[in-house]
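# Summary of structural features
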Amino acid sequence: MHVFTPAQTAVRDKAAAATRELSKIIIDIDRQTGHSKEWWDGLHILENAGLLRLYIPTEKGGESADILSLVLAQEEVAKVDGGYSNIVSHEACAYAIFTNCQDEALRERAIKSMAEGSLTCIAITEPETGTDLAQMQTKAVPDGDGWIISGHKRVASLAGAAGMYLVFAMTDPSQGTRGISAFVVDAGTPGLSVGEVDDLMGFRQLPPADVFFDNVRVSRSQLLGEEGGAFKLFAQALNLGRLGGGTQALGIAQGAYEHALAYAKKRHTFGKPLIQHQAIQFSLAEMATQIEASRALIYQVARWMDATNDITSRETATRCAMVKMQASDMAMKVTIDAVQIFGAYGNYRENHVERLMRDAKVTQLVDGPNELMKMRIGHALIREA
Ligand SMILES: Cc1cc2nc3c(=O)[nH]c(=O)nc-3n(C[C@H](O)[C@H](O)[C@H](O)COP(=O)(O)OP(=O)(O)OC[C@H]3O[C@@H](n4cnc5c(N)ncnc54)[C@H](O)[C@@H]3O)c2cc1C
């Protein structure tokens, strides 16, 4: 149904092979919390397959993959685990932000270390600041040729495992979101510390922690983009992130559907396989159709972004918000229905669908909750009127 270039097919096949490896150990990984040995084993499977440097150009040590390839890789990984799939997207978002680094030496160093497998933590959210970023309390106060950063970040995925932190802080609180600037801070910088890793329901393989900035000094070269220009960086990262969030939902739904279909063919009730009962057939038919509808939307938006080289426009932002909202709501329904087909055994870890259902719920929250997607789409409709 979908036609891919040889390069896109190669990325998808590589991701599928890595995902088969991951599927053998995912239940053990999922039982742990944080950056356990098992978690690193899973991460190294993705890293060895090149999936954490897809978006980085070949000449910088990456894979020069296009956006559709990135989508195909995430879809494959998410069939087994949403959190690991998000890491594939997360690193692409971090790369997009790093390209705004004005200091040539720092940009090259950051991209080289990413290509070599170093992870990045993006620290935006705070205890009192989630969707409403104008309330950000972390401050960067001028100090000589640089700034002093003080504040407390929450829900910072990969904090504690990352080599670099992309920190968003207010440089001019009177300007609201237009007063937010972004900085690169190396792990181990004096004043930067990380709290205990949080224990989660879903996306357990994307462990977050609090990050504390206690008078962390940064130089001018550590500023990303313009002072007060972080909002432009959000656009790049959020659009890729939301396309990614939708794609993770797609893969999660596909994974749950495949488990449910296989089970419905082998489990017998009332003298015949479950799939011969019309109610079960209808449930699977709805799943297959809704998944395919999401896939068509996601591939279309990814192809459009590749063709236009546009990851920042309002049009792209609206499409990516639609993708994230539509696919995550679809995945929530599909995974609930998949658990239902397993009956009591849907509640057992060994059957995988309960983990995928937990992950599906998080796709409705990650990269901006779906209410925020509706606000973005609603604002676009007002502009059209
Ligand atoms: C898996 C995952 C990974 C994450 N990783 C990171 C990360 O790496 N770095 C980082 O900085 N942050 C990260 N986050 C945090 C994420 O960006 C925030 O959760 C998000 O910004 C929402 O903030 P909040 O959860 O505090 O919700 P709040 O802003 O407190 O909102 C609570 C609820 O109310 C709804 N709501 C709020 N305002 C309105 C309104 N005006 N109208 C209608 N509904 C509204 C929201 O949609 C939400 O459902 C991650 C989150 C998840 C789930």
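Quick notes on the rules
Residues numbered from 1 in each chain as written. Predicted model: local features only at pLDDT ≥ 70, side-chain atom pairs only at ≥ 80, totals over all residues. Heavy atoms only, no water. Domains from an automatic or database assignment. Contact = heavy atoms within 4.5 Å. Buried area = accessible area lost by both parts, 1.4 Å probe. 1 Å grid on protein atoms, 1.4 Å probe; cavity = no way out; pocket = protein on both sides within 12 Å on 5 of 7 lines; lining within 4 Å. Points joined across faces, edges and corners; volume = space filled by probe spheres on them. Helix = DSSP H or I, 4+ residues; strand = E, 2+ residues; numbered from the N terminus. Near = heavy atom within 4 Å. Polar contact = N/O pair within 3.5 Å; in protein donor to acceptor, adjacent residues only side chain to side chain. Nonpolar A, V, L, I, M, F, W, Y, C, P; charged D, E, K, R; others polar. Axes fitted to C-alpha atoms, helices over the stretch in contact; angles between N-to-C directions. Parallel < 35°, antiparallel > 145°, perpendicular 65-115°, else oblique. Left-handed = near helix turned anticlockwise from the far one by under 90°.

## Quick notes on the domain arrangement of the protein
Assigned domains of the protein: these are domain 1 (6–115), domain 2 (120–228) and domain 3 (231–384). Just the C-alpha atoms count here: the centres of domain 2 and domain 3 sit 30 Å apart. Facing the twelve residues of domain 2 at the interface are 13 residues of domain 3. For the domain 2 face of the interface with domain 3, the top three residues by lost area are Thr131, Met201 and Phe203, together amounting to 47%.

## Observations regarding the layout of surface pockets
Estimated volume of the largest pocket: approximately 1,600 Å³. Around the largest pocket, the lining is made up of 50 residues, and of these Leu238, Arg242, Asp367, Gly368 and Leu372 lie nearest the centre. Elements represented by at least two residues in the lining of the largest pocket include exactly α4 (82–98), β3 (146–157), α6 (230–266), α8 (314–341) and α10 (370–384). The element best represented in the lining of the largest pocket is α6, accounting for nine residues.

## Focus: the side chain of His352
With respect to the helices and strands, His352 occurs in the loop between α8 and α9 (353–363). Beyond its immediate stretch of four places on either side in the chain, His352 contacts Ser23, Ile26, Ile27 and His259.

## Topic: the site of the ligand
Around the ligand, 18 residues are found, and the nearest of them are Ile122, Ile124, Thr125, Thr131 and Glu371. At a separation of 2.7 Å, a nitrogen atom of the ligand approaches a polar side-chain atom of Thr125. In this structure, Glu371 approaches the ligand through a side-chain N or O atom, which is 2.8 Å from an oxygen atom. Residue assignment for the shell around the ligand shows that the elements contributing at least two residues are β1 (120–123), β3 and α10. Among the elements that make up the shell around the ligand, the one with the highest residue count is β3 (three residues). Residue composition of the shell around the ligand, by class: twelve nonpolar, five polar and one charged. Split by domain, the shell around the ligand shows at least three residues from each of two domains, domain 2 (120–228) and domain 3 (231–384).

## Structural notes on the packing of α8 against α10
In contact at an axis separation of 9 Å, α8 and α10 are set at 140 degrees when each is read in the N-to-C sense. One way to sum up the angle between α8 and α10 is to call them oblique. Where α8 crosses over α10, the two elements pack in a sense that is left-handed. On α10, the residues that touch Arg314, Thr318, Ala321, Met322, Lys324, Met325, Ser328 and Asp329 of α8 are Asn370, Met373, Lys374, Arg376, Ile377, Ala380 and Arg383. In the contact of α8 with α10, the residues fall into six nonpolar, three polar and six charged.

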